[in-house]
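So you can see what is in the structure, the chains are spelled out below.
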Amino acid sequence: QARAITKFITDATFEDTVHGKVMRYQQSRIDKIYDEVLFHDDLNASAEAFLLYRFVESAEQHGLQYLGDVDFARQDMTDYTDQARSTLLSFPPEMMVVRDQYQDFIDGAGFRRTLLCHDDVKLTRTLTDDFIKRFFLSAPMKAKTDGPPTDGQVEYFQASYSTSVEAATPLEKATFRCLGAAWPRSLTFSELAEAVVERLKSDAQTDTNPPTLADLCALVAAAARRGEIVFRFHRPDIVTALSERPEISAVARLQSQAGEMVTNLRHSLVVVENAMSQKFLAKVDGTRTISELQAEVNRLNRDSPEGTPEPPDVASLLRKLAMSALLVG
């Protein structure tokens, strides 16, 4: 009903007015989100609007202090105008809450995700590049061109469904290709460095100034600050090679019985597109061989209105599930 009301009001507004533009933006936004998100966020009856400093003051009364936004990439301000970036960066550290509030205004951040910590923790607000060495690193980098990289030519990578990045140097190309080859698994900085060295050798790209570990560290840290590389303390136990009896996580199997959204081992949502696929997920429980799973796929394909003339190849289906970080060891 909320979607219907929003559409009715949007269609009734004049497109060239401020209100009409706002309503069309909101219509587009809620068209892209799931019912669960719309219900939990936009239709939350207990939600109350307040400024960031009020929230921080309330947290301080409970022995907590403001750490920052959960989205680390919001610290990167390269996409702002020169004036906006200069103004935001001019705030001293003790006025970080004010700076982040103005950034919310600029971004139109209606739903803020804020991190707190205990007030006895001494925070270091300035990070050097080597912070990245403490974490497991991952990124779904996929080169948009086939074949080995070419000297002096910019190479483009798809970093996520909405983010594209470019690589101009041999080090950038090798780093992004190594992360893409490992995906959805995570690598330590040392593992990534070893893989990059080997990749540079195999690519045989000429470089008068061979990159150093410091160069790699700076590159990875900068990409992490932009949100192109995910870094975390925990390495999920993700399986990419098919075993004799593959198994999908119990959580995803249970969720597949209720709807099209399941949670993978990276704590991200994966959409299972149709009822036949949802039923197949429940069968990948570690008790069946690949041959037995193929028989299940054949049966599901035959009995389903979504079926195809030729049943899907189960190995291909399982590889897609592996790349979606759903298979467990």
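Residues numbered from 1 in each chain as written. Predicted model: local features only at pLDDT ≥ 70, side-chain atom pairs only at ≥ 80, totals over all residues. Heavy atoms only, no water.

Caption draft 1: Main features of the overall build of the protein. When you go through the protein residue by residue, the secondary structure sums to 13 helices and nine strands. In terms of principal-axis extent, the alpha carbons of the protein reach across some 65 × 65 × 45 Å. A total of 329 residues make up the protein; the buried ones form 34% of that total. The long-range share in the protein, meaning contacts at least 24 apart out of those at least 6 apart in sequence, stands at 65%. By element, 55% of the accessible surface of the protein is carried by carbon and sulfur atoms, the whole surface being about 20,400 Å². When the 37 basic and 48 acidic side-chain charges of the protein are each reduced to a single mean position, those positions are 2 Å apart. (Helix = DSSP H or I, 4+ residues; strand = E, 2+ residues; numbered from the N terminus. Buried < 20%, exposed > 50% of the residue type's maximum accessible area, 1.4 Å probe, protein only. Contact = heavy atoms within 4.5 Å. Areas by Shrake-Rupley, 256 points an atom, 1.4 Å probe, with all protein chains shown as cover. Lys, Arg positive; Asp, Glu negative; His and termini not counted. Charge placed at Lys NZ, Arg CZ, Asp CG, Glu CD.)

Caption draft 2: Geometry of the side chain of Gln-27. For Gln-27, the position within the fold is in helix α2 (residues 18–31). When its relative accessible area of 12% is taken as the criterion, Gln-27 is described as buried. Engagement of the side chain of Gln-27 in a polar contact is seen with the backbone nitrogen of Lys-7, the distance being 3.1 Å. Other than its neighbours up to four places away in sequence, Gln-27 contacts Thr-6, Lys-7 and Thr-10. (Polar contact = N/O pair within 3.5 Å; in protein donor to acceptor, adjacent residues only side chain to side chain.)

Caption draft 3: Focus on the nonpolar core. One finds Ile-132, Leu-137, Met-141, Leu-192 and Val-196 to be the most contacted residues of the largest nonpolar core, which totals 31 residues. Of all elements in the fold, only β6 (164–167), α7 (170–182), α8 (189–203) and α9 (213–225) reach the threshold of two or more residues within this core. Looking at this core, the element that brings in the most residues is α9, giving seven residues. Once residues within four sequence positions are removed from consideration, Leu-137 is found in contact with Ile-132, Leu-179, Arg-185, Ser-186, Leu-187, Phe-189, Leu-192, Val-220, Ile-229, Val-230 and Phe-231. Ala-252, Val-284, Leu-293 and Leu-327 belong to the second largest nonpolar core, which has 19 residues in total. (Core = buried A, V, L, I, M, F, W, Y, C linked by side-chain atoms within 4.5 Å.)

Caption draft 4: Structural context of the sheet that holds strand β4 (residues 142–143). Strand order in the open sheet formed by three strands is β4-β5-β6, with antiparallel pairing between adjacent strands. The outermost strands of the open sheet, each flanked by one partner alone, are β4 and β6. Direction of pairing for β4 relative to strand β5 (residues 155–158): antiparallel, over a ladder of two bridges. When the bridges of β5 are listed, Lys-142 appears paired with Gln-158. (Pairing = 2+ DSSP bridges.)

Caption draft 5: Geometry of the packing of helix α12 (residues 290–303) against helix α13 (residues 314–323). Where α12 meets α13, the closest approach of the two axes is 9 Å, and the angle between their N-to-C directions is 100°. One way to sum up the angle between α12 and α13 is to call them roughly perpendicular. Contacts between α12 and α13 involve Ile-290, Leu-293, Gln-294 and Val-297 from the former and Val-314, Leu-317 and Leu-318 from the latter. Each residue belonging to the contact of α12 with α13 can be placed in one class, and the counts come to six nonpolar, one polar and no charged. (Axes fitted to C-alpha atoms, helices over the stretch in contact; angles between N-to-C directions. Parallel < 35°, antiparallel > 145°, perpendicular 65-115°, else oblique. Nonpolar A, V, L, I, M, F, W, Y, C, P; charged D, E, K, R; others polar.)

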